[in-house]
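Take a look at the letters that make up each chain.
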Amino acid sequence: MKAGLMTIDLLIRDEETQINGVVDINDMEDFTLQHMAQFGPRVAMKAAPVMNQDTIPLRMKCMNVVNESGFFDGLFAIIKPFLKEKIKKRMHVHGQDLSTLHKQITSSSLPSEYGGSETSIDDFSAKWGEYVLSKENEFLAMKDFGLKRSDLGKKDVDDAVTMTGTAGSYKKLD
């Protein structure tokens, strides 16, 4: 999860990505019953805002799922009711039939494992991993932002300086 959010953070910094959006491919070939057991309605409710683009400023143009099993179909049935109609229309489940994937994404943009002419997934992953690691200092610096968990439980607030941002009254200001 953390690696995915770090990737999204890097993507939203790129101006081309901000304009054109992102096309996502999820290969679920190794998705097992153990993975499925970690999901339920509570996790689905937490995942839906991310998938619905309510929490991350990233234009998701299309989400593709390939090589999924019946386990994924069960998981998707749990998550689907929480998704916006717009997102449901952008999700495409292809199974083993990559010809339907090629209708969504040109083969010149796909890795060789999916019948494309781009580099292999392993080569791309290695390059992307190096890029993410080159940004390590930026991610370490970002760790210091946000609320500290110990502040969330405080009930007593003496003044505005000690407020965590979650306490106080919300009056309409003139």
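Residues numbered from 1 in each chain as written. Predicted model: local features only at pLDDT ≥ 70, side-chain atom pairs only at ≥ 80, totals over all residues. Heavy atoms only, no water.

Trainee: If you had to explain the pattern of salt bridges to someone new, which residues and values would you point to?
Mentor: The tally for this structure, following the rule as stated, stands at four salt bridges. Across the pair Arg13 and Asp9 runs a salt bridge, and its minimum N-O distance is 2.7 Å. Here the residue Arg13 and the residue Asp9 both occupy positions in helix 1 (residues 2–13), the gap between them amounting to four residues, near one helical turn. Take Arg13: its relative accessible area is 39%, and that puts it in the partly exposed class. Here Lys135 and Glu138 are joined by a salt bridge, their closest N and O atoms 3.7 Å apart. Taken together, the shared-partner salt bridges connect Asp9, Arg13, Lys135 and Glu138 into one network. (Salt bridge = Lys/Arg side-chain N within 4 Å of Asp/Glu carboxyl O. Helix = DSSP H or I, 4+ residues; strand = E, 2+ residues; numbered from the N terminus. Buried < 20%, exposed > 50% of the residue type's maximum accessible area, 1.4 Å probe, protein only.)

Trainee: Could you give me a rundown of the sheet that holds strand 1 (residues 22–27), with the residues and numbers involved?
Mentor: Taken in spatial order, the three strands line up as 1-2-3 in an open sheet, and their pairing is parallel. Of all the strands in the sheet, the pair left with one neighbour each is strand 1 and strand 3 (91–95). Each adjacent strand pair in this sheet contributes to an overall mean axis angle of 20 degrees, direction not counted. In terms of strand pairing, strand 1 meets strand 2 (residues 60–66) through six bridges, oriented parallel. Along strand 2, the bridge assignment pairs Asn26 with Val65. (Pairing = 2+ DSSP bridges. Axes fitted to C-alpha atoms, helices over the stretch in contact; angles between N-to-C directions.)

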